[in-house]
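Remarks on the overall topology
Listed below are the residues making up each chain.
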Amino acid sequence: MSGEKLGTPLEGFAEFSRRVAAEGAVLLKNDGHALPIQKNERVSIFGRTQVNYYRSGTGSGGSVHVSHTTNLLGGLRDKKDIAINEELAAVYEKWIEQNPFDNGGGGWAAEPWHQKEMPLSDELVSSARSKSDKAIIVIGRTAGEDQDNANEPGSYQLTTEEKAMLKQVTAYFEQTIVVLNVSNIIDMSWMHDEGYTYPIPCVVYAWQGGMEGGNAIADVLVGEVTPSGKLTDTIAFSIDDYPSTRNYGNEHKNLYQEDIYVGYRFFETFRPDRVQFEFGYGLSYTQFEIKPEEAKLSVKEGAQYIEIGVTVKNIGTVYAGKEVVQVYYEAPQGKLGQPAKALAAFAKTKELQAGESQHLIVGFPVHAMASYDDAGVTGHPSAYVLEAGMYRLYVGTSVKNVEEIGIEGQNGYVVETLQIVEQLQEAMAPTENFTRMKPAPAKKTVRTN
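Every value quoted in this text rests on a predicted model; they were computed, and no experiment measured them. (Residues numbered from 1 in each chain as written. Predicted model: local features only at pLDDT ≥ 70, side-chain atom pairs only at ≥ 80, totals over all residues. Heavy atoms only, no water.)

**Some points on helix α6 (residues 213-221)**
As a reminder, the rule being used: A 1.4 Å probe rolled over the protein chains alone gives each residue an accessible area, and that area as a share of the maximum for its type sets the label: buried under 20%, exposed over 50%, partly exposed in between. Every helix listed is a DSSP run of H or I at least four residues long, and every strand listed is a run of E at least two residues long, numbered separately from the N terminus.
Of all the nine residues making up α6, nine are buried; the element is thus mostly covered by neighbouring parts of the structure. Buried within α6 are the following residues: Gly213, Gly214, Asn215, Ala216, Ile217, Ala218, Asp219, Val220 and Leu221. After α6 finishes, the residue Gly223 shows a positive phi value of roughly 85°.

Put into structure tokens, the structure is as follows:
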């Protein structure tokens, strides 16, 4: 029987957590190479979340006890090759002492989505610019179990104070890096506000990185880790662009009218023009060349597989980094209706030095392309089926940045006649009819199913 005490942190857990959090950061924008912060550069950090950094969301996850937590200010202070504006940091630390973190009384998921922000004066920001080359603005949010987000300032939207902070800082700093310490995507319309004196050149989603989150994002900001995270959501121009918005939050009934068209499946199929940052998107400090080969068929454990060889090369000259190869398929519309693209498989490279290459084999079982027929429109209710037609394949680094490839001399994988992959039984089926999305065979419009 193990003598290890329950609740004792596992050996190496903090270090592993730090690596995962750093790799998961998603760099959305980096104009003018604002990041990484270079050796001997001076930075001013704005936003109370630099100190009151969120390690997790609310509910059960937020109640987990950890041995320690880190914040962004502390993480950057540990980087001896850069200089922190300590005068500004001291102003924030004193203000936070006088305006402590609001935990909502300490009850279950009681803390608010955001914290009160320190007002800025032009004199303070101007003084910071005289001492610093770049600014970092940290914006924080929590959400989670029993504390769902809402389309309100301080949750999905920025607050008036946060918008003012962005405008004041960008009035003096030519290079402003916005770090989003959040639990999920938020409204990003502020990125394109024409009221900024200097446009915001750099935005990075740090997410909530756990106990080592502050150290992890510091590693990314100074270039000790090159970001390689990719968006698992679609960032649209407006929350109203998401089809679930109009059905969300009813106390008694919520209809899943979007059916299978959730996230990128909806936008690629119906509204590709409303995407600000697509699913699978994420920048690096270096550049990569992706060369996919024609797909091949193989058999594993009695199941037919599609395998694709892909050569990834770091074509940059300075930074090492990792890239994520993503494989999508386009199923024939048939009777069920299909999204324009669906993710089939993905793989991340090892860390590639400048000029280094790696050959990956990315594969998935053919039956993974099957669709569930809940209504029996194919003649096989409650079954996963592969409808007849051609299944086209795409390889790239996001759902939009892809190229089509063939398979063993054909333009795609061909299913001659409908195949039943798995027959199931109906359970807890809806008893009330409602309208749901489905593409028309010839054009991408919405009609009643």
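**What to know about unusual backbone geometry**
Residue Pro36 is bonded to the preceding Leu35 through a cis peptide linkage, with omega at 0°. Topologically, Pro36 is positioned in the loop between β1 (26-30) and β2 (42-46). Even without a glycine there, the phi angle at Ala109 is positive, about 50°. Within the secondary structure, Ala109 is located in the loop between α3 (86-98) and α4 (122-131). One non-glycine residue, Met428, adopts positive backbone phi at about 55°.

**Focus on the pattern of salt bridges**
Rule in force here: Salt bridges are defined by distance alone: a side-chain nitrogen of Lys or Arg within 4 Å of a carboxyl oxygen of Asp or Glu.
A complete count under the given rule lists 26 salt bridges for this structure. For Glu23, the salt bridge goes to Lys322, with nearest N and O atoms at 2.6 Å. You can see Glu23 sitting in helix α1 (residues 13-24) and its partner Lys322 sitting in the loop between β11 (303-314) and β12 (324-330), a full 299 residues away along the chain. For the salt bridge of Arg77 with Glu93, the shortest nitrogen-to-oxygen distance reads 3.0 Å. Of this pair, Arg77 sits in helix α2 (residues 72-77) while Glu93 sits in helix α3, and the two are 16 residues apart along the sequence.

**Focus: the sheet that holds strand β16 (residues 383-386)**
Spelled out, the test is: At least two DSSP bridges between two strands are required for those strands to pair. Axis lines are fitted to C-alpha atoms, over the contacting stretch for helices. Their N-to-C directions set the angle, which ranges from 0 to 180 degrees.
The sheet built from three strands is open, its strands ordered β15-β16-β20 with antiparallel pairing. Taken across any chain shown, the strands that pair with only one partner, and hence form the sheet edges, are β15 (371-373) and β20 (419-423). Each adjacent strand pair in this sheet contributes to an overall mean axis angle of 35°, direction not counted. Bridge count between β16 and β20: four bridges; the pairing is antiparallel. Looking at β20, one finds that Ala383 is bridged to Gln423.

**Section: the pairing of strand β6 (residues 202-205)**
Covered by surrounding structure in β6 are Cys202 and Val204 together with Val203 and Tyr205, the residues of both alternating faces. Note: β1 against β6, four bridges, orientation antiparallel. For Lys29, the partnering residue across the bridge sits in β6 and is Val203. Relative to β6, strand β5 (residues 176-181) runs parallel, the two being bridged by four bridges.

**What about the confidence of the model for the chain?**
Parts of the model with low pLDDT should not have their predicted coordinates read in detail. Worth spelling out the cut-off: The pLDDT value expresses, per residue, how confident the predictor is, ranging between 0 and 100. Contact between two residues is taken to exist if any of their heavy atoms lie within 4.5 Å; hydrogens are not considered.
Looking at the chain as a whole, its pLDDT mean stands at 93, while 96% of the residues score no less than 70. Confidence drops under a pLDDT of 50 for residues 442-449, and excluding neighbours within four residues, the segment shows 21 contacts in the predicted structure.

**So, the nonpolar core**
As a reminder of what qualifies: Only buried residues count toward a nonpolar core. Its members are Ala, Val, Leu, Ile, Met, Phe, Trp, Tyr and Cys residues joined through side-chain atoms within 4.5 Å.
The biggest cluster of nonpolar side chains holds 46 residues, and the ones touching the most others in it are Leu28, Phe46, Leu180, Met188, Trp190, Val203 and Tyr205. Considering every element that reaches this core, the biggest residue donor is α3, with four residues. Setting aside anything within four residues of it in sequence, one finds Tyr205 in contact with Ala25, Val26, Leu28, Leu180, Val182, Asn184, Ile185, Ile186, Met188 and Ile235. Listed in part, the 34 residues of the second largest apolar core include Val310, Val327, Ile405 and Ile407.

**Re the packing of aromatic side chains**
What characterises a pair of aromatic rings is the spacing of the ring centres plus the angle enclosed by the ring planes. What counts here: For Phe, Tyr and Trp, where Trp contributes only its six-membered ring, two rings pair if their centres lie within 6.5 Å, and the inter-plane angle classes them as stacked under 30 degrees, edge-to-face over 60, or tilted in between. A ring is considered to have a charge above it if a Lys NZ or an Arg CZ atom is located within 6 Å of its centre and within 35 degrees of its normal.
Under the criterion given, the structure shown has twelve aromatic pairs. Taken together, a centroid distance of 5.4 Å and an interplanar angle of 45° make the contact between Phe277 and Tyr281 tilted. Overall, Phe277 belongs to the buried group, its relative accessible area being 9%. For the ring pair Tyr285 and Tyr319, a centre distance of 5.8 Å and an interplane angle of 55° mean the geometry is tilted. Residue Tyr285 is located in the loop between β8 (275-277) and β9 (288-292), and its partner Tyr319 is located in the loop between β11 and β12; the two are separated by 34 residues in the primary sequence. The exposure class of Tyr319 is partly exposed, given its relative accessible area of 22%. Directly above the ring of Tyr305 sits Lys300, whose terminal nitrogen or CZ lies 5.1 Å from the centroid. Lying over the aromatic face of Tyr394, Lys341 brings its terminal NZ or CZ to 5.0 Å of the ring centre.

**Some points on the sheet that holds β2**
Strand order across the open sheet formed by six strands is β1-β6-β5-β4-β2-β3, with mixed pairing between neighbours. This sheet does not close on itself; its edge strands, each paired only once, are β1 and β3 (83-84). Bridge count between β2 and β3: two bridges; the pairing is parallel. Counterpart to Val43 in the pairing with β3 is Ile84. Against the sheet, helix α5 (residues 160-170) makes contact with β2, β4 (134-140) and β5, and its axis sits at roughly 175° relative to β4, the strand it touches most.

**A word on the side chain of Thr286**
The test is simple: The definition of a polar contact used here is a pair of N or O atoms within 3.5 Å, where within protein one atom must be able to donate a hydrogen and the other to accept one, and adjacent residues in sequence count solely through side-chain atom pairs.
Checked against the element boundaries, Thr286 lands in the loop between β8 and β9. The buried category is assigned to Thr286, whose relative accessible area is 6%. A distance of 2.6 Å separates the side chain of Thr286 from the side chain of Asn314, its partner in a polar contact. Leaving out residues up to four positions away in the same chain, Thr286 has contacts with Asn314, Gly316, Tyr319, Ala320 and Gly321.

**Focus on a nonpolar patch on the surface**
Spelled out, the test is: In this scheme, patches are assembled from residues that exceed 30% relative accessible area and form no salt bridge. Like charges are connected within 9 Å, while nonpolar side chains (Val, Leu, Ile, Met, Phe, Trp, Tyr) are connected within 5 Å. Throughout, the Shrake-Rupley method with a 1.4 Å probe supplies accessible areas, and for residues the shown protein chains are the sole cover considered.
Among the surface-exposed residues, Tyr372, Tyr384, Val421 and Leu424 lie close enough to one another that they form a single nonpolar patch of about 300 Å² accessible area. Its location among the elements puts Val421 in strand β20. Of the residues examined, Val421 reaches a relative accessible area of 33% and is grouped as partly exposed.

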